[in-house]
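Single-letter residue listing:
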Amino acid sequence: MSNQTLSAQKVQSTTSASAANMRIALKLVANESFSFAAQAEMNSSAFAAIKSCSLADSIGLSAIVLEIDVSSLDDTSAPANQAISFSDYLAQAIVHIEQQQSVLLSHPAMPYRLLMMPAIVAAKHRCHPHAYLTGMGDDSNAKTATSKALSQAKRAHISPIQVDATHCNSYKDKFAELITLVGNIAARSMPETPANLTADSSTYWFSEMHQSRVACFNITEGAHHHAAVLVQGTELAQAKSMLDEKRIFIPLSADNLQAFKLQLTDLHAQLDSIKSQSDNIMTLMLTQLEKFANNNALSAVIMANSAAAAFTEAEAMLLAVETALNNNTTELDYKTPSGSCLHTLSQQKNAHSGVCFVYPGVGTVYPQMFAQLPSYFPTLFSQLEREGDVKAMLQAESVYAENAKVSDMSLDKLAIAGVGVSYILTKILTQHFAIKPNFAMGYSMGEASMWASLDVWKTPHNMIEATQTNSIFTTDISGRLDCVRQAWQLNHDEDIVWNSFVVRAEPSIIEAALSDYPRAYLAIVQGDTCVLAGCEQSCKALLKQIGKRGIAANRVTAMHTQPAMLIRDNVQTFYQQPLHDQAVLDAQAAQIQFMSAASTIPVSVTSEAIADSIADTFCHPLNFTELVNNTRKQGASLFVEIGADRQTSTLIDKIARTTEAPNTVMNSACQAIATNAKGGDDLTALLKCIAQLVAHNVPLSLNYLTDGLTNFLTTQLMSAQKSQTAMSQSNSQLASQLEGEQS
C-alpha cells in the first residue's frame, strides 16, 4: 500500500466538479489498529451490524494508492498556512479516484476506515459498497452548497435526509459523523437529524417505492459550507443477532423424560458455573443450538434475560421434571412467564401436524409495532422493497410517526397495515425458520391477510393502492357509511352515530332483543363475548334492556352487518385477484387447508372460490367460535397468531376453555400462541413463539438463530483479538522505552 503525503498547498475545492459524472463507491472496512477501548466513545448502533471485513477481503492491498490519516487534520502544531481542510482531503482523494485508483480514509480512533474507489473498480473487484458518493458542492451559503451537490448528483428534484455535522469542531468528529452515516445507509437505519433527535437511532429508514435512500452530509470549514450527496449501495448490513446476553434461548431435546432430566441436570450445572459471565452464556447457547435435534421425541427451551435468570429457569424446570417422574407420570405441560417451556402431554404429541396460522382482523395495529424487525431481518425487508412499497404496506407515516395515534387512522389504512405486518411475520416464520402450517384461517378481514401472506395471490402489493381508493373501505362501510345510509333510507345530510360494543353475553340473549332495534346488529360471536354494532343509541338501549354492559370500541365499520350485504358483489369483485403460478398453488394446497368463517370445509384454491369466501365472511355476521371449532375438527390443535398484539390468541384460548357442544368431537387439545404482545419486546415475543413451537415438536429450523449468534460471537472475538494485539504492542513499546531509560 502506498502511503502518500499530501502537498502543503491547498487543493482547490473546485477539483470535485470534474467528478460530475462519477459514482464513487464507499465501503467501511475494519481498522486493524483501532483500540476497542474507545468503542464506547462511538456509541453508535449504525456499526453494530456492519460486517468487520478486512481491507484484503474487500479489495487487493496493492490497489490502494493513497491512504489519508484524517487525524493529521487536528494537528495543532502544523503551521496555519499549511493547514489542509477535510474537504481538501476529499478533493485530493477524488483526483486519484478519477484516475481509476482507490483511496483509504482513516483515523486511529475510529473502528472503521472508509474505502473510496470508482464504482467500476468496485465492480471489477466484486466489492459491494455500503454507499455511493454522487455529488459535492461548496459555497458560502449552506443552501447553495446543498443545491450544487444535488445538481451534480442529478438529484436536484428530491429532498434528501440532511445530516448536519456543522456542529463538529474537530475533524475526528467530522469523520466519525461521515462513517456513521455510511453505516446508517448500509443498515437502512434513519440517521439522527434535527427533525428526529428524539427518535430511536435504530428507526427503520423507509424509502419511497423503488427509490434509493439519499442523504446530504454537511460540514463547515471557516466561512465555507460543504455538502456531499450519498446514496445507498449494494452492500446490506448483516442481521443483528436475535440472541445475546439479555435474550437467552437454550434448546434441549431427548428421547424421553428420564434422558431429558440428565441433559437438564448437566445444563443446570453449567449455568451454575457461568451465571455471572455473559460471554460464556452466549458460547453455551451456541453449543446447545448446534447440537439441538428437532426430531427427538421431546424438546424444550430455557429462556431468560440474564445468565443468572437462565440458571433459575433451568432449576425450576428441573424441579418440575423431577416431580413428574416421582409421581410416575410423563405428562407435563410446563411454561413460565420468561418463555421457558416443556410439553410432553400425549394428547398434544401430534401438534406438529396440526399447526394453524391465524390472521387477525383490523384493529390490532398499534404505534411503533415491530419497529425492531428490520435490523434483525434486513434481507427480508430488502426483498420486500424490491417487490413493492414497504412504506405503504406498513402505513409508516401513520404507524411510525412520533406520537402516532392509530385511533386517527381510517379503516383502509388499518387494514393495509394489518395485512402488511401479517405478511412480514409469515415470511419470517416460513422463510427464516422453515415453519410450514397445516391450516390457515382469518378473523374477519384477516381472511384476506391469509391469502395475501401464504403465496396464493400473485401480486398482493398491488392491492394497497386499490384498498386506499375503493369506496368499499373509504365510504361504503366506513367513513360516511353509504351502505348503512341506503339501508336505513337516510338523506345524505342526515348524521349517523355508529359504534360497536363488546359485551359478555350469550348470542341468543342479544338475538332475542334485536327485533326491537332494527338499527342494531349482532356482528360477531367470539367465545364468551359478542360484538354489537349499529346506531349507538339503539345499541345502548338494547344493552340496557338485556341488563348487560358493553365496552365501546369507538370504531366506525359496518362489516358483518346486514347493510354490508348491499355491497357483497362489489367485495367479491374486489377480492377476485390473480393467483400465483400453478406449481406454487399446488404446493400450498397440498400442505395447507385454508379455512373460512363462511364454510365448514376448506376453501378451494381458485380465484372465484376465494373471492366468494371473503365476500361472505366480510358481509355476513362473523361466528369466530364456529370457525375455531370447525378448524379443530379438521385436525388443527396449535393456533399461531400471525399479526400485531394477541387479539385472536386470547379469543381462541377462551373458546377452547368453554364447554363443547354435545356432538362436537375434537381431535386433540387446543392451544393458541401469539407472535407479538403490545408493549413488550418484539424479539422476545417472537422467540417465545418459536420456543413454544420447539416444545411442541413442530418441524422447524433454528439455523437463523445459530448463524446470527455465530456472527455476533465472531465479531466479539475479533474485537478481543484486536484489543489483545493493541495491548501487546503497547506493552512491547513500553518495555523498549524502559530499556532505553535503564541504559
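Reference entry: report on the structure contained in this document. Source: prediction; values computed, not measured. (Residues numbered from 1 in each chain as written. Predicted model: local features only at pLDDT ≥ 70, side-chain atom pairs only at ≥ 80, totals over all residues. Heavy atoms only, no water.)

Before going further, it helps to spend a moment on helix 3 (residues 86-97). Spanning twelve residues, helix 3 covers 16 Å between terminal C-alpha atoms, matching the ideal 16 Å at 1.5 Å per step. Of all twelve residues making up helix 3, eleven are buried, and the element is well covered by its neighbours. For helix 3, the complete set of buried residues consists of Phe-86, Ser-87, Asp-88, Tyr-89, Leu-90, Ala-91, Gln-92, Ala-93, Ile-94, His-96 and Ile-97. (Helix = DSSP H or I, 4+ residues; strand = E, 2+ residues; numbered from the N terminus. Expected span 1.5 Å × (residues − 1). Buried < 20%, exposed > 50% of the residue type's maximum accessible area, 1.4 Å probe, protein only.)

Two quantities define a packed helix pair, namely the angle between the axes and the distance from one axis to the other. Taken N-terminus to C-terminus, the directions of helix 15 (residues 446-453) and helix 23 (residues 607-619) make an angle of 155°; their axes are 9 Å apart at the nearest point. Between helix 15 and helix 23, the crossing angle belongs to the class labelled roughly antiparallel. Where helix 15 abuts helix 23, its residues Glu-447, Ala-448 and Trp-451 lie against Ile-610, Ser-613, Ile-614 and Thr-617. Of the residues belonging to the contact of helix 15 with helix 23, the class tally is four nonpolar, two polar and one charged. (Axes fitted to C-alpha atoms, helices over the stretch in contact; angles between N-to-C directions. Parallel < 35°, antiparallel > 145°, perpendicular 65-115°, else oblique. Contact = heavy atoms within 4.5 Å. Nonpolar A, V, L, I, M, F, W, Y, C, P; charged D, E, K, R; others polar.)

Quick look at the pattern of salt bridges now. Here the idea is simple: oppositely charged side chains can pair when their charged atoms come close. Across all of its chains, the model carries 14 salt bridges by this definition. With a closest N to O distance of 3.4 Å, Lys-391 and Glu-397 form a salt bridge. The class for Lys-391 is buried, based on a relative accessible area of 17%. The exposed category is assigned to Glu-397, whose relative accessible area is 61%. For Asp-569, the salt bridge is made with Arg-568, and the minimal N-O distance between the two is 3.8 Å. What makes Asp-569 exposed here is its relative accessible area of 55%. (Salt bridge = Lys/Arg side-chain N within 4 Å of Asp/Glu carboxyl O.)

Attention now moves to the sheet that holds strand 22 (residues 671-674). As summarised here, the arrangement of the five strands in space is 19-14-13-21-22, forming an open sheet in which the pairing is parallel. Each end of this open sheet is capped by a strand with a single partner; those strands are strand 19 (593-594) and strand 22. Note that strand 13 (residues 355-359) and strand 21 (residues 638-641) share four bridges and pair parallel. Bridged to Val-358 within strand 21 is Glu-641. Sitting on the sheet, helix 15 is in contact with strand 13, strand 14 (439-442) and strand 19, with an inclination near 140° to strand 14. (Pairing = 2+ DSSP bridges.)

Attention shifts here to the sheet that holds strand 15 (residues 498-503). One key point about sheets: their strands pair by backbone hydrogen bonds, in either a parallel or an antiparallel sense. With mixed pairing, the five strands of this open sheet are ordered in space as 18-15-17-16-20. Two strands in the sheet have a free side with no partner beyond their single neighbour: strand 18 (550-552) and strand 20 (622-623). With six bridges connecting them, strand 15 and strand 17 (residues 529-535) associate as antiparallel partners. Bridged to Ser-500 within strand 17 is Ala-533. Contacts from helix 20 (residues 536-546) reach strand 15, strand 16 (520-526), strand 17 and strand 18 within the one sheet, and its direction differs from that of strand 17 by about 135°.

Grouped together as the largest cluster of nonpolar side chains are 160 residues, with contacts concentrated most on Phe-249, Phe-260 and Tyr-575. At eleven residues, helix 14 (residues 411-432) tops the list of elements feeding residues into this core. Counting 44 residues, the second largest nonpolar core, distinct from the first, contains Leu-133, Ala-176, Met-190 and Ala-237. (Core = buried A, V, L, I, M, F, W, Y, C linked by side-chain atoms within 4.5 Å.)

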